[in-house]
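# Residue-level structural notes
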Amino acid sequence: MLNPQRQSRLIADLIDRLGRLNAAEEWNGPLNPSQYAALAYLGRANKFSRAPSHVADYLATTRGTASQTLKALARKDLIAETRLPEDKRSIRYDLTLPGLKILETQSAMEDAIAELTMDSAVALQDGLSALVRQLLDQRGGKSFGLCKDCRHHQETDAGLYCQLLEVPLKSSETNQICHEHAAKQGATT
């Protein structure tokens, strides 16, 4: 049996190795790992969470780095910049058809995860989710959770609604990442 410090180091090393293996695969495509991560985030984020500052926060990088990454994706015609009508200074990025096409391909990491038993996959997801929450708590980071798991998500007689932003929601939006996410009382996510 490993002592707790040794076990923590071993787990951290394994996570680092998985990240490096995944990044190495991403270098084989048209994007570098940072560009792929930004594109993947934009593909999962709701329309309220696609500003450059949100990408930077989610990827735990500087705003300048995120901005350069987004410009590279736009030059490659994988994302399009939209000025918001309510504030022309605000920008939102949306995926283009070529950007969506890149995200359709399943990675070797996803293939390997699909080969795990259901029990192993659930345990891995639960463990990694707990680890991400712990790191975010230590760093004071935002959770960027799914809309449906947020305390602001409401199911009303009129339909789905975000109480914080005071906007109606489409059912497809409830499975998207939101930068305003706040865990429900008593929830573990």
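Basis of the calculations
Residues numbered from 1 in each chain as written. Predicted model: local features only at pLDDT ≥ 70, side-chain atom pairs only at ≥ 80, totals over all residues. Heavy atoms only, no water. Disulfide = S-S within 2.5 Å. Core = buried A, V, L, I, M, F, W, Y, C linked by side-chain atoms within 4.5 Å. Buried < 20%, exposed > 50% of the residue type's maximum accessible area, 1.4 Å probe, protein only. Helix = DSSP H or I, 4+ residues; strand = E, 2+ residues; numbered from the N terminus. Contact = heavy atoms within 4.5 Å. Expected span 1.5 Å × (residues − 1). Pairing = 2+ DSSP bridges. Axes fitted to C-alpha atoms, helices over the stretch in contact; angles between N-to-C directions.

## Concerning the state of the cysteines
Under the definition given, this model contains zero disulfides. For the unlinked cysteine Cys178, the closest cysteine sulfur is that of Cys162, found at 6.2 Å.

## Let's talk about the nonpolar core
Formed by 18 residues in total, the largest nonpolar core has its most connected members in Leu39, Tyr41, Leu42, Val55, Leu70, Leu73 and Ile79. The set of elements that each furnish at least two residues to this core consists of helix H2 (33–44), helix H3 (52–59), helix H4 (63–75) and strand E2 (87–95). Top element by residues in this core is H2. It accounts for four residues. Setting aside its immediate chain neighbours within four residues, Val55 contacts Ala38, Tyr41, Leu42, Ala66 and Leu70.

## Quick look at the side chain of Ser107
With respect to the helices and strands, the residue Ser107 is situated in the loop between helix H5 (97–104) and helix H6 (108–114). If we skip the residues at most four places from it in the chain, Ser107 touches Asn22 and Glu25.

## Points about H2
In this model H2 runs 17 Å from its N-terminal to its C-terminal C-alpha over 12 residues, within 8% of the 16 Å that 1.5 Å per residue would give. For H2, the set of buried residues is Pro33, Gln35, Ala38, Leu39, Tyr41 and Leu42.

## Description of the sheet that holds strand E4 (residues 159–162)
Strand order across the open sheet formed by three strands is E3-E4-E5, with antiparallel pairing between neighbours. Two strands close off the open sheet at either side, each with one partner strand: strand E3 (153–156) and strand E5 (167–169). Direction aside, neighbouring strands of the sheet carry axes that sit 40° apart on average. Pairing of E3 with E4 involves four bridges; the strand directions are antiparallel. Its bridge partner lying in E4, Gln154 is registered against Tyr161.

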